[in-house]
Amino acid sequence: MAGSSSSSAGCVRSRALGSWSRCGGEEDFSSPIPYREKPLDYEAAVLCHCKRKAAKWISWSDDNPSRRYYKCFYSGGGCGFWSWIDDADSYATPYVKQLLKDLCGAVRGLRKKNKELAADLDEEGSKMEEHMAAVLGLKKVVADKDAEIAALTVQVQKLRKESSILRLVFVMLVAAAAVGIMLRM
Ligand SMILES: [Zn+2]
């Protein structure tokens, strides 16, 4: 499949050829490019010792960049069947091999950088969510305070009204008392 680049089978591990080679450093053995053809989508079938169709992979090791090979499809090497397709000396010139190795390293470097940026973005996203939660909390506090202020304003208006009525009553009582005194005189 075109997206099977996550498979580690894109690099070669063989005791005969040495351990996993690194293209571009770090522990990244993935294919730098998506496969154009699924590993089992080729003809005519090459059978492994299990008598099943072997998978066709591409090596991205430092020593054999882009060199194709067949391998038992089963995990862990399966029956151990393994065979190069391309001839070591003629499939690419040393210059092309170096170029492929450099390109492989560049792709993996960008992939790593991309991963780091995505992680940074996730972290910033989490921080942003925390900030948003804090802002929402503060907005709620402000809304509660606004409601308290509105309630207090209503109470103040009510008290003011009561106070004017009391003042009026007081004035009327004083006036009545004054009239009473004047009538007695
Ligand atoms: Zn097999």
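This write-up is about the structure you can find in this document. Everything numeric in this text was worked out from a predicted model, so none of it was measured. (Residues numbered from 1 in each chain as written. Predicted model: local features only at pLDDT ≥ 70, side-chain atom pairs only at ≥ 80, totals over all residues. Heavy atoms only, no water.)

**A few points about the overall build of the chain**
Piece 1. Counting its secondary structure elements, the chain contains one helix and three strands.
Piece 2. Mapped in sequence order, the helices and strands of the chain form the string β-β-β-α.
Piece 3. Counting every position in the chain, which comprises 185 residues, the buried fraction comes to 22%.
Piece 4. In the chain, the share of contacts with a sequence separation of at least 24, taken over all contacts with a separation of at least 6, comes to 51%.
Piece 5. When the accessible surface of the chain is summed, it comes to about 13600 Å², and 62% of that surface belongs to carbon and sulfur atoms. (Helix = DSSP H or I, 4+ residues; strand = E, 2+ residues; numbered from the N terminus. Buried < 20%, exposed > 50% of the residue type's maximum accessible area, 1.4 Å probe, protein only. Contact = heavy atoms within 4.5 Å. Areas by Shrake-Rupley, 256 points an atom, 1.4 Å probe, with all protein chains shown as cover.)

**Some remarks on the sheet that holds strand E3 (residues 82–84)**
Piece 1. An order of E1-E2-E3 is seen for the three strands of this open sheet, with the pairing classed as antiparallel. If you trace the sheet from one side to the other, it starts and ends with strand E1 (55–58) and E3, each paired once. Sheet twist, expressed as the mean angle between neighbouring strand axes with direction ignored, is 25 degrees.
Piece 2. Relative to E3, strand E2 (residues 68–71) is paired through three bridges, and the arrangement is antiparallel. Among the inter-strand pairings, Tyr69 is bridged to a residue of E3, identified as Trp84. (Pairing = 2+ DSSP bridges. Axes fitted to C-alpha atoms, helices over the stretch in contact; angles between N-to-C directions.)

**Some points on the pairing of E2**
Piece 1. As defined by bridge partners, E1 adjoins E2 across four bridges and the pair is classed as antiparallel. Looking across to E2, one finds that Ala55 is bridged to Lys71.

**Focus on the coordination of the zinc ion**
Piece 1. Every protein donor of the zinc ion is accounted for by Cys48 (SG), Cys50 (SG), Cys72 (SG) and Cys79 (SG), and the metal-donor separations fall at 2.2 to 2.4 Å.
Piece 2. Bound by four donor atoms, the zinc ion shows angles of 106 to 115 degrees at the metal and therefore tetrahedral coordination geometry.
Piece 3. Mapped onto the polypeptide sequence, the residues donating to the zinc ion form the spacing pattern C-x1-C-x21-C-x6-C. Residue Cys50 is located in the segment before E1, and its partner Cys79 is located in the loop between E2 and E3; the two are separated by 29 residues in the primary sequence. (Donors = N, O, S within 2.8 Å, 3.2 Å for Na, K, Ca; no water. Tetrahedral: all angles 85-135°; square planar, octahedral: opposite > 155°, others 65-115°.)

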